[in-house]
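# Structure at a glance
These are the residues of each chain, in order.
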Amino acid sequence: MKSLELFVERIILASRWVLVVFYLGLAAALFVYAFSFIMKFIKVAASVMTLDEADMILAMLGLIDAALVASLVVMVMISGYENFVSRFDEADGEVSFLGKLDAGSLKIKVASSIVAISSIHLLQVFLNSDQYDTTKLILMTGIHLAFVVSALMLGMLERLMAKKKDEPAEETPHV
């Protein structure tokens, strides 16, 4: 029976390599998104002399938004691979620029990235508020606030969990 258990555990552990397909797919999507970014940049650069200040701000916000989305994809790829598939091999044993991206810190970084992306999108909407009806503006603001509250709650939960993990376990008195 123990050999069957070990066999099942090996299969489950080996299945983590299936995740590589997803990370490679994200890398391919990132290259496609980079091409999209380059096309947006060329469009902005070609019209830089004709854009008024508000349109230039909107164009720059669009480029910043694209950079944040790309950073989010890279963060998920690297952290997911490191946490669930395999460690990166380097001569000194670690990839120094990565820092610590465990599952808890990844959740916080993803949540804060989503809030930043939502903030930029909402700012773009407000700069073009004449194109939206009041109901849609209220709905978009509510969705953004839901992202903000969710990120705050996730951060507080992670802090509580880290605090609880750091506390020494209480000993029960012997009678």
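Below, the structure is looked at part by part.

Conventions adopted
- Residues numbered from 1 in each chain as written.
- Predicted model: local features only at pLDDT ≥ 70, side-chain atom pairs only at ≥ 80, totals over all residues.
- Heavy atoms only, no water.
- Helix = DSSP H or I, 4+ residues; strand = E, 2+ residues; numbered from the N terminus.
- Buried < 20%, exposed > 50% of the residue type's maximum accessible area, 1.4 Å probe, protein only.
- Contact = heavy atoms within 4.5 Å.
- Areas by Shrake-Rupley, 256 points an atom, 1.4 Å probe, with all protein chains shown as cover.
- Axes fitted to C-alpha atoms, helices over the stretch in contact; angles between N-to-C directions.
- Parallel < 35°, antiparallel > 145°, perpendicular 65-115°, else oblique.
- Left-handed = near helix turned anticlockwise from the far one by under 90°.
- Nonpolar A, V, L, I, M, F, W, Y, C, P; charged D, E, K, R; others polar.
- Phe/Tyr/Trp six-rings, centres within 6.5 Å; stacked < 30°, edge-to-face > 60°.

Moving on: the overall build of the protein. Helices and strands together make up the secondary structure of the protein, namely 5 helices and 0 strands. Across the protein, helices and strands are ordered from the amino to the carboxyl terminus as α-α-α-α-α. Here the protein holds 175 residues, and the buried ones make up 24% of them. In the protein, of all internal contacts separated by at least 6 residues, the share reaching a separation of at least 24 is 71%. Roughly 13,100 Å² of accessible area belongs to the protein as shown, and the carbon and sulfur atoms make up 69% of that amount.

Another aspect to go through is the environment of alanine 146. In this structure, alanine 146 sits in helix H5 (residues 134-166). Judged by relative accessible area, alanine 146 falls into the partly exposed class, the value being 41%.

Another point: the packing of helix H2 (residues 19-46) against helix H3 (residues 53-84). Between H2 and H3, whose axes approach to 10 Å, the crossing angle comes to 165 degrees. Considering their axes alone, H2 and H3 lie roughly antiparallel with respect to each other. Where H2 crosses over H3, the handedness of that crossing is left-handed. A breakdown of the residues in the contact of H2 with H3 according to their chemical character gives 22 nonpolar, 1 polar and 1 charged.

This part takes up the packing of aromatic side chains. In this description, an aromatic ring pair is defined by two values, namely the gap between the centres and the angle between the planes. Within the structure shown, the criterion is met by 1 aromatic pair. Ring plane angle 80 degrees and centroid distance 6.5 Å describe the contact between tyrosine 23 and tyrosine 81, whose orientation is recorded as edge-to-face. Linking tyrosine 23 in helix H2 with tyrosine 81 in helix H3, this pair joins segments that are 58 residues apart in sequence. Each of the two residues, tyrosine 23 as well as tyrosine 81, counts as buried.

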